[in-house]
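Per-entry structural report
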Amino acid sequence: MSVMNLQSTGRYTAHSNRCAPFVPARGDRTVSQAACLVRQKAQLRTSNEEFLQKVAGCRVSRTSCRANAARTVVSMAAGDSKKILMLGGTRFIGVYLARQLVEAGHEVTLLTRGKKPVTFQIPDDTDQGFEQYKSAVKHIAADRTDADALKQQLSGAGFQVVYDMNGREAKDVEPVLAAVGDVEQYIFCSSAGVYLKSDQMPHREEDSTDPKSRHKGKLDTEKLLTDKGITFTSVRPVYIYGPLNYNPVEEWFFHRIKAGRPIPVPNSGQQVTQLGQVKDLATAFHKILSNPKTKNQIYNISGERFVTFDGIAKACAKAAGAPEPELIHYNPKDFDFGGKKAFPLRDQHFFASIDKAMADLDWAPEFDLVKGLTDSYEKDFGRGTFRKEADFTTDDMILEKVKSKEPALA
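Rules and cut-offs
Residues numbered from 1 in each chain as written. Predicted model: local features only at pLDDT ≥ 70, side-chain atom pairs only at ≥ 80, totals over all residues. Heavy atoms only, no water. Salt bridge = Lys/Arg side-chain N within 4 Å of Asp/Glu carboxyl O. Helix = DSSP H or I, 4+ residues; strand = E, 2+ residues; numbered from the N terminus. Buried < 20%, exposed > 50% of the residue type's maximum accessible area, 1.4 Å probe, protein only. pLDDT = per-residue confidence, 0-100. Contact = heavy atoms within 4.5 Å. Polar contact = N/O pair within 3.5 Å; in protein donor to acceptor, adjacent residues only side chain to side chain. Pairing = 2+ DSSP bridges. Axes fitted to C-alpha atoms, helices over the stretch in contact; angles between N-to-C directions. Core = buried A, V, L, I, M, F, W, Y, C linked by side-chain atoms within 4.5 Å. Phe/Tyr/Trp six-rings, centres within 6.5 Å; stacked < 30°, edge-to-face > 60°. Lys NZ or Arg CZ within 6 Å of the ring centre and 35° of its normal. Right-handed = clockwise from strand over helix to strand, strands pointing away. Parallel < 35°, antiparallel > 145°, perpendicular 65-115°, else oblique.

Turning next to the pattern of salt bridges. A full pass over the atoms with the stated rule returns 16 salt bridges. As a salt-bridge pair, R144 and D164 come within 2.8 Å of each other at their nearest N and O atoms. Highlighted residues: R144 in the loop between β4 (138-141) and α7 (147-154) and D164 in strand β5 (residues 161-164), separated in sequence by 20 residues. D164 shares its class with R144; the two are buried. One salt bridge connects R236 with E222, and the closest N-O pair in it is separated by 2.6 Å. Linking R236 in strand β7 (residues 232-237) with E222 in helix α9 (residues 216-227), this pair joins segments that are 14 residues apart in sequence. Look at R236 and you get buried, because its relative accessible area is 3%. Among the charged side chains, a salt-bridge network with shared partners connects D124, K279, D375 and K379.

Have a look at this one:
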């Protein structure tokens with residue numbers, strides 16, 4: 001796909017190398033059952049018999065088809081419960097994933113340093129649901145980099161599966177592997193940031209990776225798991241958003257929308273990227289569990305559609321129930337921001353194919369972008385909770401310079 005094609009098209013699809021024609025967002029668009037079946041068949045790449053079983057009950061709308069697929073979480077017969085160790089289970093994806101696993105009947109133990117509460121109620125919890133989760137989840141207090149402490153706590157514990165949601169360097173993973181011994185699966189949260197910048201998009205799992213990436217530690221971990229012969233699965237998310245997001249992705253836009261300020265967007269604003277809702281990612285991670293197709297595989301996980309920078313700003317405003325914002329485009333090379341980050345996303349096309357994950361996991365994102373951002377706003381920022389206070393310092397620098405170049409009115 002050429003950059004020319006990317007920049008001249010309004011919306012993009014994550015399931016092919018071609019841009020889809022622009023379709024105005026109008027909520028759910030009803031489609032015929034036949035069209036829905038054809039679309040699902042192409043995505044899941046299954047036999048006719050398997051396909052008909054998987055989409056049974058999918059009848060009316062495109063969104064209901066996606067939701068039906070997303071909620072088809074691995075069912076468990078008696079004896080299928082796993083003893084799971086999770087690292088990073090008290091932050092963002094791990095918070096939602098741990099709840100899914102407990103609800104499905106697995107025995108989940110969270111390993112943390114023990115400096116903060118392990119369980120806390122989130123907006124998605126009912127009082128009863130939270131109490132059930134709180135009473136079911138277990139906890140081990142230890143530093144993952146302390147090899148001796150890990151061996152003391154984990155050796156002989158009999159964990160069958162490890163979910164590593166916060167490993168950053170291979171050296172952080174080695175003590176865990178040494179302590180838990182042989183496990184059935186090691187499921188690792190990597191990053192799509194490991195891919196080498198390319199003229200051919202979207203990124204696919206077999207694409208070249210960048211040894212100089214700031215996520216090099218994730219690459220090193222994937223290599224470590226391979227070299228040690230560990231049965232592993234690695235997930236490479238693109239940008240993640242949703243309630244409890246500790247990275248200022250949607251929050252950056254919401255702060256400016258709330259303040260009624262123009263939103264500065266670098267260059268043309270037509271840079272194409274991709275966002276995945278945290279709950280969709282948690283479901284994908286869950287579906288990797290005990291799935292033989294995922295053995296020693298890498299998967300890109302994100303949203304179903306691609307979007308421009310300008311499109312994200314507009315979608316955030318819609319999610320917040322605000323008017324469409326004023327967008328100010330600027331050239332970052334004209335400024336010295338003194339090390340401050342003027343925009344929350346990398347200034348380039350950055351998106352990945354999720355075809356492989358959809359096929360192997362029998363999974364599809366439930367949230368479209370506006371629906372997912374609305375969920376984030378209503379359950380986080382809209383309640384007055386956020387991770388970072390608003391800082392408009394770089395915005396003011398941009399606005400001052402851009403306005404000074406505007407021709408004066410006669």
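Picking up after the structure, the text goes on.
Moving on, we get to unusual backbone geometry. The omega torsion of the bond from M201 to P202 falls at 0 degrees, within 30 degrees of zero and hence cis. Note that P202 resides in the loop between β6 (185-189) and α9. Despite not being glycine, F92 shows a phi value in the positive range, around 50 degrees.

Put simply, the chain has an average pLDDT of 86, and 80% of its residues get 70 or more. Ignoring residues within four places in sequence, the model shows residues 1-79, a span with pLDDT below 50, making 132 contacts including any to other chains.

Structurally, S376 is set in helix α14 (residues 369-379). On the basis of relative accessible area, S376 is assigned to the buried category, the value being 2%. A polar contact of 2.7 Å, which involves the side chain of S376, links it to the side chain of E250. When sequence neighbours within four positions are dropped, the list of residues in contact with S376 reads G242, P243, E250, F254 and F381.

Strand order in the open sheet formed by seven strands is β4-β3-β2-β5-β6-β7-β12, and the pairing between neighbours is parallel. One side of each edge strand has no neighbouring strand; the edge strands of this open sheet are β4 and β12 (297-301). Averaged over all pairs of adjacent strands, the angle between their axes in this sheet comes to 20 degrees, without regard to strand direction. Pairing geometry for β7 and β12, over five bridges, is parallel. Residue pairing for β12: R236 is matched across the bridge by N300. Along the sheet face, helix α8 (residues 170-180) touches β2 (83-87), β5 and β6 and points at about 160 degrees away from the line of β6.

The subject of this paragraph is the side chain of D125. Tracing the backbone shows D125 in the loop between β3 (107-112) and α6 (127-136). Here R99 takes part through its side chain, which lies 2.9 Å from a polar atom of the side chain of D125. Discounting chain neighbours no more than four positions away, the residues touching D125 are R99, F120 and F130.

Turning to the nonpolar core, a few remarks are in order. A general tendency of soluble globular proteins is for nonpolar side chains to be buried together. Among the nonpolar cores identified, the biggest contains 39 residues, and I93, Y163, F285 and I301 are the most heavily contacted of them. Elements supplying a minimum of two residues to this core: β2, α5 (93-103), β3, β5, β6, α11 (278-288), β12 and α13 (355-361). At seven residues, α5 tops the list of elements feeding residues into this core. What Y163 contacts, discounting residues up to four positions off in sequence, is I84, L85, M86, L87, L97, L101, I187, F285, H286 and L289. Core analysis: the next-biggest nonpolar cluster, separate from the first, contains 37 residues, Y241, A313, A315 and F343 among them.

Counting across every chain of the model gives 14 aromatic pairs. Ring centres of F92 and Y246 lie 5.8 Å apart, and the angle between their planes is 75 degrees; this geometry places the pair in the edge-to-face category. Within this pair, whereas F92 is found in the loop between β2 and α5, its partner Y246 is found in the loop between β8 (239-241) and α10 (250-258), the two being separated by 154 residues in sequence. Accessibility expressed as a relative area gives 4% for F92, which makes it buried. Centre to centre, the rings of F253 and F343 are 5.8 Å apart; their planes meet at 90 degrees, and the pair counts as edge-to-face. With a gap of 90 residues between them, F253 in helix α10 and F343 in the loop between β14 (327-330) and α13 connect regions that are remote in the sequence. Its relative accessible area of 0% is what places F253 among the buried residues. Members of the aromatic cluster, joined through ring pairs, are W252, F253, F309 and F343. Over the ring of Y299 we find K356, and its NZ or CZ is 5.0 Å from the ring centre.

Turning our eyes to something else, we now look at the pairing of β2. Across the five residues of β2, four count as buried, placing the element largely inside the fold. Handedness of the β2-α5-β3 crossover: right-handed. The pairing of β2 with β5 spans four bridges and is parallel. Its bridge partner lying in β5, M86 is registered against Y163.

Relative orientation and spacing of two packed helices are given, respectively, by the angle between their axes and the distance between those axes. At their nearest, the axes of α5 and α6 sit 10 Å apart, and the two run at 85 degrees to each other. Judged by the inter-axis angle, α5 sits roughly perpendicular to α6. Residues A98, R99 and V102 of α5 form the contact with α6, whose own contacting residues are F130, Y133 and A136.

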